[in-house]
Amino acid sequence: SKALSAARREVLFAKLHAYTVIGMGAASVAEIDSLNILQATLRAMTRAITQLEGRLGTGPCLALVDGTHAPPLSCPVQTVTKGDSKSLSIAAASIVAKVTRDREMAALAERFPGFGWERNAGYGTAEHQVGLARLGPNEMHRRSFAPIRKLLDSGLSA
């Protein structure tokens, strides 16, 4: 999905929603802080399968997962390293995830201006660092992330 332009991802996103059944899962900032990013990601995958089962009335016969860590699912799981370049299903899921995340970051940018989230998708760019120094972290910043924890420990409030 990262190799595609944002406009191309949007077109494919619409087509995928028109021709497939999609289950989405997410994890909150609080879950990421309390569990860790990997465990929260695995939890989000479980939620996606649960939603998919609800939409289909049955579960998938196999879940392909990009990476090396398999979530505990109600169906067999096959992990695929660099799966988005090897599996059309994983590539499609990557597009859905990227477009969804980009839209969420654009909404966050409206809610919390000054961090450049609509452009940097939450990554620690120079623009984001300037926003943190000027505005301090907010509720959408992970306290367990070392640079945020360092800011909070130095007295910069959330």
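Conventions and cut-offs
- Residues numbered from 1 in each chain as written.
- Predicted model: local features only at pLDDT ≥ 70, side-chain atom pairs only at ≥ 80, totals over all residues.
- Heavy atoms only, no water.
- Buried < 20%, exposed > 50% of the residue type's maximum accessible area, 1.4 Å probe, protein only.
- Helix = DSSP H or I, 4+ residues; strand = E, 2+ residues; numbered from the N terminus.
- Arc of directions from axis to C-beta.
- Contact = heavy atoms within 4.5 Å.
- Core = buried A, V, L, I, M, F, W, Y, C linked by side-chain atoms within 4.5 Å.
- Disulfide = S-S within 2.5 Å.
- Salt bridge = Lys/Arg side-chain N within 4 Å of Asp/Glu carboxyl O.

Chemist: Can you break down helix α6 (residues 126–135) residue by residue, with the values?
Modeler: Three or more residues of α6 are buried, namely His128, Gly131 and Leu132. Seen end-on, α6 carries its buried residues on one side only, within an arc spanning 100°. What points out from α6, more than 90 degrees from its buried face, is the exposed set Ala126, Val130, Ala133 and Arg134. Against α5 (117–120) and α7 (146–153) lie the buried residues of α6.

Chemist: Describe the nonpolar core, with residues and values.
Modeler: Met105, Leu108, Ala109, Phe112, Phe115, Trp117, Ala121, Leu132 and Ile148 form the largest nonpolar core, which has nine residues in total. No other element matches helix α4 (residues 88–111), which puts three residues into this core. Ignoring any residue separated from it by four or fewer positions in sequence, one finds Phe112 in contact with Trp117, Asn138, Glu139 and Met140. Ranked by size, the runner-up nonpolar core spans seven residues in total, among them Phe13, Ile22, Ala92 and Val96.

Chemist: Can you break down the state of the cysteines residue by residue, with the values?
Modeler: The tally for this structure, following the rule as stated, stands at zero disulfides. The thiol sulfur of Cys61 is not disulfide-bonded, and the nearest other cysteine sulfur, from Cys75, lies at 7.9 Å. Judged by relative accessible area, which is 72%, Cys61 ranks as exposed. A relative accessible area of 9% places Cys75 in the buried class.

Chemist: How would you summarise the pattern of salt bridges if you had to cite specific residues and measurements?
Modeler: On inspection of all chains with the given rule, the structure shows eight salt bridges. The residue Lys98 makes a salt bridge to Asp102 at a minimum N-O spacing of 3.0 Å. In this pair, Lys98 and Asp102 both sit in helix α4, four residues apart, roughly one turn of the helix. According to the relative accessible area criterion, Asp102 is partly exposed, its value standing at 24%. One connected set of salt bridges, linked through shared partners, spans Arg9, Lys98 and Asp102.

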